[in-house]
Structures are given as C-alpha cells and as structure tokens.
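Residues per chain, in single letters:
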Amino acid sequence: MEDLQIVKGNKREQYTSLIPQIKGLLEGETDTVANLANVAAALKEQFGWFWVGFYLVKGDELVVGPFQGPVACTRIRKHKGVCGSSWAAAATLIVPDVEAFPGHIACNSLSRSEIVVPLIRNGEVKAVLDADSEHLSHFDETDRQFLDEIVALIVM
C-alpha cells in the first residue's frame, strides 16, 4: 500500500477507516523504525495534527523517534512534561491545555493540547506516541480509544 485513503467525516469514522490501512502498512514489516515512521505519517496525513510521533525509552529518558511536524525536543526525562509523565504512569494522558499542565515542556510554543499514549510490552513502557494540536481541547476519549488500538498494533 502506498497511498492512504483520507476519509472525511467525524473522528470515529476517520479512525475506523484509518486502522485497517495502518494494519496493512505494518503487515509483514519487522523494522520498528519503519513501522513507527509510517504510523506517524498516516496519523499526520489523516488528521493534520500539528505534531505526531514517537519517543523511545532509552535508559532513564525518552529519545525522539520517528515523527511528523516541526523539530522536537530530543530527550525527555521520566516524570517530566506530558510524555515523561505518561511514561512514568504507564497511562494515556489527555491534556486539554498544555499551559495548565504542571511541568509542561514547551518544545514548540504553538502546541496547545496534547495526547500521549504509552506503548507497553510485557508490562514495560517501550515508547510513547505523542500527538500535539495547535487547538485547545482537541483530543478526547475517542482519540484515546483508537490511539490505544493503533499503538497495540505496533510490534516492539
């Protein structure tokens, strides 16, 4: 598969169309970086978010991995910012207003809201999927549900 079929409609309809396409992108590919890159690109293409990508757990910090959007923070310590907090809690975090999040790391001042979904394998966080929007309150429980499903497809 080389072209995504971008679907208009409500958020649920968009995810429902996108997930089988992401499965197709991942099917038979064993390279983690390639898979993370394609998932980030598919999400960016479908939703047009300001920034979307992955941070990989390396020792005691997250290191930026494949992403789509402006340059990003390279390293984030555990418990720091939304990504480090999601990693520490091993839980998805939805932040309607990043300015109100204690310890928010402003990698880009245009980011206004964020969702971070941990990629957990064998009880351990291996990476986090981070998506940022330039709009307040952009992400919700529908995003959580479907991004959890997408992250579960990734083999690490």
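### Describing the overall build of the chain
In terms of helices and strands, the chain carries four helices and six strands. From first element to last, N terminus to C terminus, the chain shows the α and β order α-α-β-β-β-α-β-β-β-α. Relative to the compact-globule value of 15 Å for 156 residues, the chain shows a C-alpha radius of gyration of 14 Å, a close match. Seen through its principal axes, the chain has C-alpha atoms that stretch 40 × 30 × 25 Å.

### Notes on the environment of Val 52
Mapped onto the elements, Val 52 comes out in strand β1 (residues 51–58). Taking the C-alpha atoms as reference points, Val 52 and Phe 67, 15 residues apart in sequence, are found 5.7 Å from one another.

### Quick word on the sheet that holds strand β3 (residues 75–77)
The strand order β3-β2-β1-β6-β5-β4 describes an open sheet built from six strands, whose pairing is antiparallel. Whereas interior strands pair on both sides, the edge strands pair on one side only; in this sheet they are β3 and β4 (93–95). Neighbour-to-neighbour, the strand axes of this sheet turn through a mean angle of 25°, independent of strand direction. Bridge count between strand β2 (residues 61–68) and β3: three bridges; the pairing is antiparallel. When the bridges of β3 are listed, Val 63 appears paired with Arg 75. Contacting β1, β2, β3, β4, β5 (113–121) and β6 (124–133), helix α3 (residues 81–89) runs over the sheet at an angle of about 30° to β5.

### Overview of the pattern of salt bridges
Counted by the stated rule, this structure contains seven salt bridges. Salt-bridge contacts for Lys 11 lead to Asp 140; the nearest nitrogen and oxygen are separated by 3.3 Å. On the criterion of sequence distance, the pair formed by Lys 11 in helix α1 (residues 11–26) and Asp 140 in the loop between β6 and α4 (141–153) is long-range, its members being 129 residues apart. Across the salt bridge formed by Glu 61 and Arg 77, the nearest N and O atoms sit 3.8 Å from each other. Placement of the pair is Glu 61 in strand β2 and Arg 77 in strand β3, with a sequence separation of 16 residues. On the basis of relative accessibility, which here comes to 16%, the residue Glu 61 falls in the buried class. Through salt bridges that share partners, Asp 60, Glu 61, Arg 75 and Arg 77 make up one connected network.

### Considering the nonpolar core
The biggest cluster of nonpolar side chains holds 27 residues, and the ones touching the most others in it are Val 39, Leu 43, Trp 49, Leu 129, Leu 147 and Ile 150. With near-sequence residues (within four places) excluded, Leu 43 lies in contact with Leu 18, Gly 48, Trp 49, Val 52, Leu 129, Leu 147 and Ile 150. Within the second largest apolar cluster, 14 residues are counted, among which are Trp 51, Trp 87, Val 95 and Val 98.

### Let's talk about the pairing of β2
Note that β1 and β2 share six bridges and pair antiparallel. Each residue of the ladder has a partner; that of Gly 53, found in β2, is Phe 67. With antiparallel pairing between neighbouring strands as the criterion, β1 and β2 make up a hairpin whose turn holds two residues, including Gly 59 at a positive phi of roughly 65°. If you look at the hairpin formed by β2 and β3, you'll find six residues sitting between the two strands, and Gly 69 has a positive phi there, around 135°.

Cut-off values and rules
- Each chain has its residues counted from 1, following the order in which its sequence is written.
- Given that this is a predicted model, residues contribute local features only at a pLDDT of at least 70 and side-chain atom pairs are listed and counted only at 80 or more, while totals for whole chains, interfaces and linings are drawn from all residues.
- Excluding hydrogens and water, the side-chain values take into account all heavy atoms of the structure.
- The way it works is that DSSP assigns letters per residue, a run of H or I at least four long becomes a helix, a run of E at least two long becomes a strand, and they are numbered from the N terminus.
- Radius of gyration here uses only the C-alpha atoms, and the compact-globule reference equals 2.2 Å multiplied by the residue count raised to the power 0.38.
- For two strands to be treated as a pair, DSSP must find no fewer than two bridges joining them.
- Axis definition: a line fitted to C-alpha atoms, over the contacting stretch in the case of helices. Angles run 0 to 180 degrees between N-to-C directions.
- It only takes one pair of heavy atoms within 4.5 Å for two residues to be counted as in contact.
- The term salt bridge refers to a pairing of a side-chain nitrogen on Lys or Arg with a carboxyl oxygen on Asp or Glu at a separation within 4 Å.
- A simple rule labels every residue: compare its accessible area, found with a 1.4 Å probe on the protein chains alone, to the largest value its type can have, and call it buried under 20%, exposed over 50%, or partly exposed in between.
- Working definition of a nonpolar core: buried Ala, Val, Leu, Ile, Met, Phe, Trp, Tyr and Cys residues. They are joined through side-chain atoms within 4.5 Å.

What is shown is where atoms sit, not what they do.
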